[in-house]
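# Coordinates in review
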Amino acid sequence: QVQLVESGGGVVQPGGSLRLSCAASGSIPSINTMGWYRQAPGNQRELVARITTGANRNYADPVEGRFTISRGRNTVDLQMNALELEDTAVYYCNLFSRWISPSDYWGQGTQVTVSS
């Protein structure tokens with residue numbers, strides 16, 4: 001089975017930066033997409049950014065221009081700059097692969113708090 005381990009969350013002031021990292025372990029022949037999602041209290045989990053095997057990137061409008069997603073073979077990072085109060089949420093790493101069952105995996109989540 002696949003496990004995702006996240007790190008890098010913390011508390012920062014507005015305008016600060018954080019780098020989130022996620023490493024996948026287990027038998028994964030191929031990965032279609034890795035990404036980051038976030039969920040604020042009382043809200044639905046939403047896409048932050050994702051990246052495909054072909055390095056195509058997709059960003060949610062609120063983070064476009066501030067966040068950068070990158071990946072390795074079984075890792076995905078999210079560089080977050082110019083953080084805003086609205087970025088406060090639990091951030092989850094996601095892995096999707098058509099080569100494994102189940103095909104969708106989530107990390108436990110890492111807390112990001114932006115506060116003055």
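My aim in this report is to walk through the structure given alongside it, one point at a time.

The rules behind these values
- Residues numbered from 1 in each chain as written.
- Predicted model: local features only at pLDDT ≥ 70, side-chain atom pairs only at ≥ 80, totals over all residues.
- Heavy atoms only, no water.
- Helix = DSSP H or I, 4+ residues; strand = E, 2+ residues; numbered from the N terminus.
- Buried < 20%, exposed > 50% of the residue type's maximum accessible area, 1.4 Å probe, protein only.
- Contact = heavy atoms within 4.5 Å.
- Lys, Arg positive; Asp, Glu negative; His and termini not counted.
- Charge placed at Lys NZ, Arg CZ, Asp CG, Glu CD.
- Core = buried A, V, L, I, M, F, W, Y, C linked by side-chain atoms within 4.5 Å.
- Salt bridge = Lys/Arg side-chain N within 4 Å of Asp/Glu carboxyl O.
- Disulfide = S-S within 2.5 Å.
- Phe/Tyr/Trp six-rings, centres within 6.5 Å; stacked < 30°, edge-to-face > 60°.
- Lys NZ or Arg CZ within 6 Å of the ring centre and 35° of its normal.
- Polar contact = N/O pair within 3.5 Å; in protein donor to acceptor, adjacent residues only side chain to side chain.
- Pairing = 2+ DSSP bridges.

## A closer look at the overall build of the protein chain
Along the backbone of the protein chain there are zero helices and 11 strands. Going from N to C terminus, the protein chain has its helices and strands arranged as β-β-β-β-β-β-β-β-β-β-β. Its C-alpha atoms put the protein chain at 45 × 25 × 20 Å along the principal axes. Here the protein chain holds 116 residues, and 41% of them are scored as buried. In the protein chain, the share of contacts with a sequence separation of at least 24, taken over all contacts with a separation of at least 6, comes to 56%. Averaging the positions of the 9 positive and the 9 negative side-chain charges in the protein chain gives two centres separated by 9 Å.

## A word on the nonpolar core
Trp36, Leu78, Met80, Tyr91 and Leu95 are the most contacted members of the largest nonpolar core, which has 31 residues in total. Elements with a minimum of two residues in this core: strand S3 (18-25), strand S4 (33-39), strand S5 (46-52), strand S7 (67-71), strand S8 (75-80), strand S9 (89-96) and strand S11 (110-114).

## Observations regarding the pattern of salt bridges
Inspection of every chain in the model, using the stated rule, returns five salt bridges. Of the charged contacts in the structure, one is a salt bridge between Arg66 and Glu84, with a shortest N-O distance of 3.7 Å. Here Glu84 lies in the loop between S8 and S9 and Arg66 lies in the loop between strand S6 (57-59) and S7, a separation of 18 residues in the sequence. Judged by relative accessible area, Arg66 falls into the buried class, the value being 12%. Taking relative accessible area as the criterion, Glu84 reaches 34% and is therefore assigned partly exposed.

## Considering the state of the cysteines
Tallying each qualifying case throughout the model produces one disulfide. Put simply, Cys22 and Cys93 are joined by a disulfide, and their sulfur atoms are 2.1 Å apart. Since a negative S-S torsion denotes a left-handed disulfide, the Cys22-Cys93 link at about -80° is left-handed. In this pair, Cys22 sits in strand S3 while Cys93 sits in strand S9, placing the two residues 71 residues apart along the sequence.

## So, the side chain of Asn32
Tracing the backbone through its elements, the reader meets Asn32 in the loop between S3 and S4. Residue contacts for Asn32: discarding those within four places in its chain leaves Ile51, Thr52, Thr53, Arg71, Phe96, Ser97 and Arg98.

## Quick look at the packing of aromatic side chains
Applying the stated criterion to the full structure yields one aromatic pair. Their ring planes at 70° and their centres at 5.0 Å tell us that Tyr37 and Trp106 sit as a pair that is edge-to-face. In this pair, Tyr37 sits in strand S4 while Trp106 sits in strand S10 (residues 104-106), placing the two residues 69 residues apart along the sequence. Above the plane of the ring of Tyr92 lies Arg45, whose end atom (NZ or CZ) is 3.7 Å from the centre. Sitting above the plane of the Trp106 ring, Arg45 keeps its charged end 4.6 Å from the centroid.

## What to know about the side chain of Asp87
Looking at where Asp87 falls in the secondary structure, it is placed in the loop between S8 and S9. A distance of 2.8 Å separates polar atoms of two side chains, one belonging to Asp87 and the other to Arg66. When near neighbours in sequence (up to four residues on either side) are disregarded, Asp87 contacts Arg38, Val63, Arg66, Phe67, Ala82, Val112 and Val114.

## A closer look at the pairing of strand S1 (residues 3-7)
Side-chain alternation along S1 places Leu4 and Glu6 on a buried face and Gln3, Val5 and Ser7 on a face that remains uncovered. Note: S1 against S3, five bridges, orientation antiparallel. In the sheet register, Leu4 faces S3, and the bridge partner there is Ala24.

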